[in-house]
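Remarks on the overall topology
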Number of protein chains: 2
Amino acid sequence: MAIFTYDQLYKFTHDMLIKIGCPEVHAQIGAEVLLSADMRGVDSHGVARLSGYVRLWEKGRINTNPNIRIVHESPSTAVVDGDGGLGLVVAPYAMNVAIEKASKAGTGWVSVRNSNHYGIAGYHSMMALDHDMIGISLTNASPLVSPTFSKERLLGTNPISVAIPADQEPPFVADMATTTAANGKLEILQRKGKDAPEGWIQDKEGLPTTSANGVKDGGALLPLGGDREHGSHKGYALGSIVDIFSAVLSGANYGPWVPPFVAFLEPDPNPVGEGIGHFFGAMRVDAFRPADEFKSHMDNWIRRFRSAKPTPGNEKVLIPGDPERELEEQRRKDGIPLLDPVVKDLTELGEKFGVKF
Amino acid sequence: MAIFTYDQLYKFTHDMLIKIGCPEVHAQIGAEVLLSADMRGVDSHGVARLSGYVRLWEKGRINTNPNIRIVHESPSTAVVDGDGGLGLVVAPYAMNVAIEKASKAGTGWVSVRNSNHYGIAGYHSMMALDHDMIGISLTNASPLVSPTFSKERLLGTNPISVAIPADQEPPFVADMATTTAANGKLEILQRKGKDAPEGWIQDKEGLPTTSANGVKDGGALLPLGGDREHGSHKGYALGSIVDIFSAVLSGANYGPWVPPFVAFLEPDPNPVGEGIGHFFGAMRVDAFRPADEFKSHMDNWIRRFRSAKPTPGNEKVLIPGDPERELEEQRRKDGIPLLDPVVKDLTELGEKFGVKF
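Description of the structure in this document. (Residues numbered from 1 in each chain as written. Chains lettered and ligands numbered in written order. Predicted model: local features only at pLDDT ≥ 70, side-chain atom pairs only at ≥ 80, totals over all residues. Heavy atoms only, no water.)

Taking 1.5 Å per residue as the helical rise, helix α9 (residues 322–334) of chain B with its 13 residues ought to reach 18 Å, and the 18 Å between its terminal C-alpha atoms agrees with that figure. A positive backbone phi angle near 95° is found at B:Gly335, which sits one or two residues after α9(B). (Helix = DSSP H or I, 4+ residues; strand = E, 2+ residues; numbered from the N terminus. Expected span 1.5 Å × (residues − 1).)

Now the structure itself:
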């Protein structure tokens, strides 16, 4: 493991994005979105993923100079076509459209087609906070998840992020896959050679397994809940709603047709839409009640929950967003640790493209 | 157990609502909403609950002739004040406001304060379907649920319902508590004298328990996921989002301040808002893409998922809403079964108020 500063990783990512043809403004926002994952501790969605985006670009599956545009709209809605661009760039564009719509109509809702992986969901929802708006960010993703009772992988980990502003307290920021556990947690167990808890995965026959390699071996991640008795049909429904809002509303690929992130797997030759899909929402708080009133009640909500009596063995009750914010403060001070294989991967990437790492 | 026709139960409920002072139009819609729960198999939210509403009215905690009104609005939003009315009546009013807003602005979003228990969430979201709109229905509820790591009960079972229209296929209708299991399922286990599965409840010390009486004895239902390792922080975040959208946006009571449904428990003497809160959304499908296109892709989505290869021992993959719709078809034909204690309760209620059951 080695430690890097934010600026080091930002510069490398920015320069790599320029190298593969991004305009300057896209390289800046793309690097900022990618790095926000490293800062918030969602390491699987940060610079570790950069070479994956580059491989997709090499295959002609990412357009680094896209004409991102609104193709349909109403006072409070829009559909954005990402023109095959980096999701890291398409998503902030679309979220800004939602924010602009909300500033006039009270709320704004944008469904996006023809995009690619957009980094961490929470970056985009949090864009609404500075405007005294609630932000919502959803995306579909390559199929790794089996619905309840299904042997087949039909859904991605399809995250939901909701960011809600407060006044004196930091904002409420939920950012979660609609599965029991994110794929990144399985990768950690694989590296350690440990088993996974029950309820996280099933094997390729559709039976419960605790092998951390279960998904790699043709099995699937399980929807939040794990099994029917513990409510997996609810996690399945949530992942489905994310898929439908992101892709059926916009005209992107949905369900098992979502193109894989990894370049070595080919997209379905008979797609049902274009690229992958996202969905964004922005709600002006003062379209409901005065913003000051709302934010002061949010402070009260947050303080009441954070001060709840904890269960034995636990120190305190957390508010969604607390762990990520604490990690961000720490990493801003101490730097971002990267695992050796990630450092090796980025070094080789830099050498190949003549960009100093 | 005895079997009743829809019309028998509808007439009794309607006549009881008239008896406690509802105007005719409110008695009609109130009875329809309540009965829809019995028809869809959510027996805990149907006529079994009628005497509970009546007891709240006897305590002066429900206003049966409310002046329900919009108190704040923007092109795509509104806040509705339910004037202490039956949620069964306030909710359809507010959902209609959302639908009207959507017909003009593309989407409509309504947060509601000063209301009471609104029956099943799915009735209200499904109101959008006939308008080629996606419907969303959320509500907070009396605190029975402990956040992850909390010994205290701070949230209700706070359901999420999303209804999405299709073309030839029946609609996609998710309707779920944000807990591992609904309270109604615990009651069934209590009656049978059986234990609850792990991950459903904790005892009053905040420790896991399988006693089906755990919640009655001062414990709590657990958020969807059950424990931290299985993602309960996600269920907690979802229940929190429902609470905030329903009550902090509207000015209703939130978290532990939500007034109890049972009349023998008094509301908090220092409320943070008025009554309980709901949140409704309606999105016009053609504010995103032509409705025909959307609905034909929904048919394709539904057929692909329903025809997925099932896991061993399971017959097929279900679409959210399938079980409730099948039960509704059956009960429309065969009638609605009520348990003996419910029949006794309704008989006594009718005798007390001079309404024939």
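And the narrative resumes.
As a further point, take the packing of helix α8 (residues 291–306) of chain A against helix α7 (residues 232–248) of chain B. To characterise two packed helices, one gives the angle between the axes of the helices and the distance between these axes. Put simply, α8(A) and α7(B) touch, their axes get as near as 12 Å, and they point 145° apart. Seen from above, α8(A) lies across α7(B) with right-handed handedness. Contact residues: α8(A) offers A:Phe294, A:His297, A:Met298, A:Trp301 and A:Phe305, while α7(B) offers B:Tyr236, B:Ser240, B:Asp243, B:Ile244 and B:Val248. Per-class residue counts for the contact of α8(A) with α7(B) are seven nonpolar, two polar and one charged. (Axes fitted to C-alpha atoms, helices over the stretch in contact; angles between N-to-C directions. Left-handed = near helix turned anticlockwise from the far one by under 90°. Contact = heavy atoms within 4.5 Å. Nonpolar A, V, L, I, M, F, W, Y, C, P; charged D, E, K, R; others polar.)

Right, let's talk about the interface of chain B and chain A for a bit. Facing 92 residues of chain B, the contacting portion of chain A comprises 93 residues. Buried surface at the junction of chain B and chain A, summed over both partners, amounts to about 7,400 Å²; 68% is from carbon and sulfur atoms. The largest share of the area that chain B buries against chain A comes from B:Phe149, B:Lys234 and B:Phe288, three residues that together contribute 11% of it. The tally of links from chain B across to chain A stands at two salt bridges. B:Arg304 serves as the salt-bridge partner of A:Glu152, at 2.7 Å between the closest nitrogen and oxygen. The interface formed by chain B and chain A contains 36 residue pairs in polar contact (both at pLDDT 80 or more). A per-element tally of the side of chain B that touches chain A places α7(B) first, with twelve residues. A breakdown of the residues in the side of chain B that touches chain A according to their chemical character gives 51 nonpolar, 26 polar and 15 charged. (Buried area = accessible area lost by both parts, 1.4 Å probe. Salt bridge = Lys/Arg side-chain N within 4 Å of Asp/Glu carboxyl O. Polar contact = N/O pair within 3.5 Å; in protein donor to acceptor, adjacent residues only side chain to side chain.)

So, about the packing of aromatic side chains. Applying the stated criterion across every chain, the model contains 27 aromatic pairs over all chains. Arranged with centres 6.5 Å apart and planes meeting at 5°, the rings of A:Phe305 and B:Tyr236 form a pair that is stacked. With A:Phe305 in helix α8 and B:Tyr236 in helix α7, this pair bridges two chains. For B:Tyr236, a relative accessible area of 3% puts it in the buried group. Grouped by ring-pair contacts, the aromatic residues A:Trp109, A:Phe245, A:Phe279, A:Phe288, B:Trp109, B:Phe245, B:Phe279 and B:Phe288 constitute a single cluster. The ring centre of A:Phe261 lies 4.5 Å from the NZ or CZ of A:Arg49, which sits over that ring. Taking NZ or CZ as reference, B:Arg332 lies 5.8 Å from the ring centre of B:Tyr6, over its face. (Phe/Tyr/Trp six-rings, centres within 6.5 Å; stacked < 30°, edge-to-face > 60°. Buried < 20%, exposed > 50% of the residue type's maximum accessible area, 1.4 Å probe, protein only. Lys NZ or Arg CZ within 6 Å of the ring centre and 35° of its normal.)

Residue and element names in this part refer to chain B. Applying the stated criterion to the full structure yields 38 salt bridges over all chains. Across the pair Asp81 and Arg113 runs a salt bridge whose closest N-O atoms are separated by 3.3 Å. Highlighted residues: Asp81 in strand β3 (residues 77–81) and Arg113 in strand β4 (residues 107–115), separated in sequence by 32 residues. In this structure Asp81 comes out as buried when scored by relative accessible area, which is 4%.

Once that is clear, we can look at the relation of the copies chain B and chain A. With an axial shift of 0.0 Å and an RMSD of 0.0 Å, the rotation relating chain B to chain A amounts to 180°. What the rotation and shift describe, once combined, is the action of a two-fold rotation axis. Among all residues of chain B, the one whose C-alpha sits closest to the rotation axis is B:Gly225, at a distance of 2.4 Å. Of all interface residues in chain B, 100% are interface residues in chain A too; the two copies therefore contact each other through one and the same surface. (Least-squares fit on C-alpha atoms with pLDDT ≥ 70 in both.)

These figures capture arrangement, not role.
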